[in-house]
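What the coordinates show
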Amino acid sequence: MNRIVKTAGVFGVATTLLLGAAACSSTSGTTGTSGASKTLTIAFVMGAEADPFFKAMKVGAEAETAVKKAKLVWQGDPSVYSPATQIPIVDQVLAQKPSCLVLIPTDPKALQASVTKAKAAGIPVVNVDTHVENLSDVVSFITGDNKQGGEAAADAMAKAINYTDGTKYQVVAGLTSATATTNVDRLEGFKSQLASKYPGIDLVDTAYSQSQAATANSNVSNWLTKYPNLSGIFAIDGTNATGAASALQAKGLTGKVALIGYDAYQTNVDLIGKGVFTALIAQDPAEEARQAVDTCVRYIETKSKSGITAAVTLPNILLDKSTSAADLKKYTYVQ
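As a convention, each chain's residues are numbered from 1 in the sequence order in which they are written. Predicted model: local features are reported for residues with pLDDT of at least 70 only, side-chain atom pairs are reported and counted for 80 or more only, and whole-chain, interface and lining totals are derived from all residues. The basis for the side-chain values is all heavy atoms of the structure; hydrogens and waters are excluded.

Moving on, we come to the overall build of the protein chain. By the criteria applied, helices consist of DSSP H or I runs no shorter than four residues and strands consist of E runs no shorter than two, each listed in order from the N terminus. Counting secondary structure elements, the protein chain contains 11 helices and 15 strands. Here the term buried applies to any residue with accessible area under 20% of the maximum for its type, exposed to any over 50%, and partly exposed to those in between, with areas from a 1.4 Å probe on protein chains only. The buried share of the protein chain, reckoned over its 335 residues, is 56%. By the convention used here, residues are in contact when the closest approach between their heavy atoms is within 4.5 Å. Relative to all contacts within the protein chain whose residues are 6 or more apart in sequence, the contacts with residues 24 or more apart total 74%. Each accessible area is a Shrake-Rupley estimate made with a 1.4 Å probe; only the visible protein chains count as cover when residues are assessed. When the accessible area of the protein chain is evaluated, it comes to approximately 13600 Å², of which 52% is carbon and sulfur surface.

Take a look at the structure:
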């Protein structure tokens with residue numbers, strides 16, 4: 001296995017959070033006042049609920065809330081990744097007065113007011129995967145190392161196209177959103193790595209899909225016409241990877257245009273062996289959710305950020321044709 005990122009102390013951080021939550025969770029996910037107990041309600045609001053990344057996150061959230069004997073509220077737009085659809089859902093969830101809100105904001109600026117509203121209602125907020133612009137009112141932010149993931153995608157792209165100094169190559173990038181912090185950081189990492197190590201690779205275009213695989217497919221099909229000498233595609237998240245894979249297969253370009261994707265959806269992992277994907281960068285959405293639940297419980301029990309890590313960065317894993325079957329299975333997102 002080739003570990004892309006191994007953030008110093010990240011596993012120690014995870015252990016601290018887990019142990020801390022367990023230590024202050026002696027009432028098994030309940031909090032007491034004057035001897036009375038109340039079941040905690042942990043609410044998650046994400047974008048595009050049907051996305052396998054969020055389905056895998058839900059598995060982790062369900063498992064950890066069960067351990068804590070807490071109630072899970074899971075809400076999101078069925079398929080559209082947009083602040084316009086997310087904000088009303090956040091409002092509906094806040095009206096239910098959960099004990100804690102785990103918010104995966106679709107836009108850092110647009111969802112800032114939702115954090116302010118939650119704080120005013122006395123509801124602590126944890127950000128997972130993506131974050132709002134100002135984190136001062138957020139208990140903790142838990143995510144993968146997105147910039148480093150973009151850098152690793154650039155390295156994988158250069159290897160896939162047999163990069164040679166002095167030769168020019170055209171590549172494109174498909175994103176879900178121009179503002180989602182994961183997309184922004186991955187693209188930044190990708191571009192900075194190209195500039196510093198592979199100056200002959202030119203990122204000629206980007207396009208957005210709002211987490212719609214069909215839109216990503218259409219974007220790629222348009223690129224294949226516009227750039228007949230296209231060397232590679234960086235699909236910056238799972239739905240873009242799915243759409244790009246289907247477009248390349250439909251055009252008979254499997255193995256001819258390098259495809260580097262993000263997120264270990266089962267269907268996309270299966271396509272590594274068929275040569276559709278050169279590489280996939282896998283996150284750990286279930287672990288992100290588990291740590292978010294633990295953080296919520298710890299904060300509710302202690303009423304303090306003391307001992308809670310403000311920013312937790314989890315490692316990514318590069319999956320390619322050299323990855324063992326056991327590791328492919330291990331890092332494929334659970335559903």
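Attention shifts here to the state of the cysteines. A covalent bond between the sulfur atoms of two cysteines is what we call a disulfide. By convention in this document, the label disulfide applies to cysteine sulfur atom pairs within 2.5 Å. One pass over the structure, following the stated rule, counts one disulfide. Between the sulfur atoms of Cys100 and its disulfide mate Cys296 the distance is 2.2 Å. Measuring the twist about the S-S bond at about -60 degrees, one finds the Cys100-Cys296 disulfide to be left-handed. With a gap of 196 residues between them, Cys100 in strand E6 (residues 100-103) and Cys296 in helix H10 (residues 285-302) connect regions that are remote in the sequence. Overall, Cys100 belongs to the buried group, its relative accessible area being 1%.

Now for the pattern of salt bridges. For this document, the term salt bridge refers to a Lys or Arg side-chain nitrogen within 4 Å of an Asp or Glu carboxyl oxygen. Following the criterion strictly, the structure yields eight salt bridges and no others. Of the charged contacts in the structure, one is a salt bridge between Glu188 and Lys147, with a shortest N-O distance of 3.8 Å. Linking Glu188 in helix H6 (residues 181-197) with Lys147 in helix H5 (residues 146-160), this pair joins segments that are 41 residues apart in sequence. Its relative accessible area of 37% is what places Lys147 among the partly exposed residues. The partner of Lys226 in a salt bridge is Asp205, and the shortest N-O contact between them spans 3.4 Å. With Lys226 in helix H7 (residues 213-226) and Asp205 in strand E10 (residues 201-208), the pair connects residues that are 21 residues apart, well separated along the chain. On the accessibility criterion, Lys226 (54% relative accessible area) is exposed. Each member of the salt-bridge network shares a partner with another, and the members are Glu64, Lys68 and Asp294.

What follows covers the environment of Thr130. Secondary-structure assignment places Thr130 in the loop between strand E7 (125-128) and strand E8 (140-144). Excluding its chain neighbours within four sequence positions, the residues that come into contact with Thr130 are Tyr81, Leu103, Ile104, Pro105, Phe141, Ala180, Thr181 and Thr182.

This part takes up the environment of Asn316. Among the structural elements, Asn316 can be located in the loop between strand E14 (311-314) and strand E15 (317-320). Judged by its relative accessible area of 0%, Asn316 is buried. Within the structure, Asn316 has its side chain in polar contact with the backbone oxygen of Asp145 (distance 2.8 Å). Side-chain atoms alone can form a polar contact between residues adjacent in sequence; in general such a contact is a pair of N or O atoms within 3.5 Å, and within protein one must be able to donate a hydrogen while the other accepts it.

Now for the packing of H5 against H6. Running from amino to carboxyl end, H5 crosses H6 at an angle of 45 degrees, the nearest separation of the two axes being 6 Å. Considering their axes alone, H5 and H6 lie oblique with respect to each other. Where H5 crosses over H6, the two elements pack in a sense that is right-handed. Side by side, H5 and H6 meet where Asn146, Lys147, Gly150, Glu151, Ala153, Ala154, Asp155 and Met157 of the first sit next to Thr182, Asp185, Arg186, Glu188, Gly189, Phe190, Ser192, Gln193, Leu194 and Lys197 of the second. For the contact of H5 with H6, the class distribution of residues is five nonpolar, six polar and seven charged. Simply put, an axis is a line fit to the C-alpha atoms, just over the touching stretch for a helix, and the angle between two N-to-C directions goes from 0 to 180 degrees. An angle counts as roughly parallel when it lies under 35 degrees, as roughly antiparallel when it exceeds 145, as roughly perpendicular when it falls between 65 and 115, and as oblique in every other case. Crossing handedness is defined as follows: a turn of the near helix away from the far one that is anticlockwise and smaller than a right angle gives a left-handed crossing, while the clockwise case is right-handed. Residue classes follow a fixed rule: Ala, Val, Leu, Ile, Met, Phe, Trp, Tyr, Cys and Pro count as nonpolar, while Asp, Glu, Lys and Arg count as charged, and any other residue, Gly among them, counts as polar.

Our next topic: the confidence of the model for the protein chain. Confidence of the predictor at the level of single residues is captured by pLDDT, which takes values from 0 to 100. The predicted model of the protein chain averages 90 in pLDDT, with 89% of residues at 70 or higher. Here residues 1-36 is modelled with pLDDT under 50, and outside its nearest four sequence neighbours on either side it reaches 73 contacts, counting other chains as well.

Pairing is parallel across the open sheet formed by six strands, whose spatial order is E5-E4-E6-E7-E8-E14. Each edge of the open sheet carries a strand with a single partner, namely strand E5 (71-76) and E14. Going from strand to strand, the sheet's axes swing by 15 degrees on average, the running direction of each strand aside. For strand E4 (residues 41-46) and E5, the ladder comprises six bridges, and the chain directions are parallel. Residue pairing for E5: Thr41 is matched across the bridge by Lys71. Sheet strands touched by helix H2 (residues 52-67): E4, E5 and E7. Its angle to E5, the strand with the most contacts, is close to 165 degrees. A pair of strands is considered paired only if DSSP assigns at least 2 bridges between the two.

Secondary-structure assignment places Thr176 in the loop between strand E9 (169-175) and H6. Note on Thr176: relative accessible area 2%, which makes it buried. For Thr176, the side chain forms a polar contact with the side chain of Asp237, separated by 2.6 Å. Setting aside anything within four residues of it in sequence, one finds Thr176 in contact with Tyr81, Asn183, Tyr208, Ser209, Gln210, Ser211, Ile236, Asp237, Thr239 and Asn240.

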